[in-house]
Amino acid sequence: MALTLGMITFDTTDPGPLAKWWAKQTAGTVEQENDGWFYVVALPDSAQKLAFQKVDDPTPGKNRIHLDLASEDLDGEVGRLSADGATEVGRHEMGGFRWVTLTDPDGNQFCVSGPHP
């Protein structure tokens, strides 16, 4: 037997706005709202989903799992995300490969890079 990825779930005190923010950023669709406590975002052209569940007390500190996203226009995408509420944490480069670490409006870190080799 093998495990398959069901979805990537974010804990948050306010799942609705965060789910809608991520749906907008990924051109996804909020497909479930479950009485305001658990939202599911379907990603376009993918079987993958993002989920946002309401918790009273999210785990403090840096998240140990994060999204790595890619774009043909790294700088343009970082500018768009920042204008829409993301916060830039740092810019990185290794062996000619560049990426930027950001946080979403709820403080969850994620990375955006140029196309992956």
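Just so we're clear, the structure is a prediction, and the values are computed from it rather than from any experiment. (Residues numbered from 1 in each chain as written. Predicted model: local features only at pLDDT ≥ 70, side-chain atom pairs only at ≥ 80, totals over all residues. Heavy atoms only, no water.)

(A) Here's a closer look at the sheet that holds strand β8 (residues 109–113). Sheet architecture is open: 4 strands sit in the order β5-β8-β7-β6, paired in mixed fashion. Pairing within the sheet leaves two strands with one partner each, and these edge strands are β5 (67–70) and β6 (87–94). The average undirected angle you get between the axes of adjacent strands in this sheet is 25 degrees. With 5 bridges joining them, strand β7 (residues 97–103) and β8 adopt antiparallel strand pairing. Within the sheet, the bridge partner assigned to Leu102 lies in β8 and is Phe110. Sheet contacts for helix α2 (residues 74–83): β6, β7 and β8; angle to β7, the most-contacted strand, approximately 5 degrees. (Pairing = 2+ DSSP bridges. Helix = DSSP H or I, 4+ residues; strand = E, 2+ residues; numbered from the N terminus. Axes fitted to C-alpha atoms, helices over the stretch in contact; angles between N-to-C directions. Contact = heavy atoms within 4.5 Å.)

(B) Spatial organisation of the UniProt feature "domain: VOC" (unreviewed entry) in the protein chain. Sites flagged by UniProt as "domain: VOC" (unreviewed entry) map to residues 4–115. When the span residues 4–115 is considered, its composition is 20% helix and 39% strand, and the gap between its end C-alpha atoms is 25 Å. (UniProt positions renumbered as here; feature names shortened; annotations may be inferred.)

(C) Highlighting the pattern of salt bridges. Applying the stated criterion across every chain yields a total of 6 salt bridges. Linking Asp84 and Lys24 is a salt bridge whose minimum nitrogen-to-oxygen distance equals 3.1 Å. Of this pair, Asp84 sits in the loop between α2 and β6 while Lys24 sits in helix α1 (residues 15–26), placing them 60 residues apart in sequence. On the accessibility criterion, Asp84 (24% relative accessible area) is partly exposed. Across the pair Glu77 and Arg80 runs a salt bridge, and its minimum N-O distance is 2.5 Å. On the criterion of helical spacing, the pair formed by Glu77 and Arg80 is a turn pair, its members being 3 residues apart in helix α2. Residue Arg80 is classed as partly exposed on the basis of its relative accessible area of 32%. (Salt bridge = Lys/Arg side-chain N within 4 Å of Asp/Glu carboxyl O. Buried < 20%, exposed > 50% of the residue type's maximum accessible area, 1.4 Å probe, protein only.)

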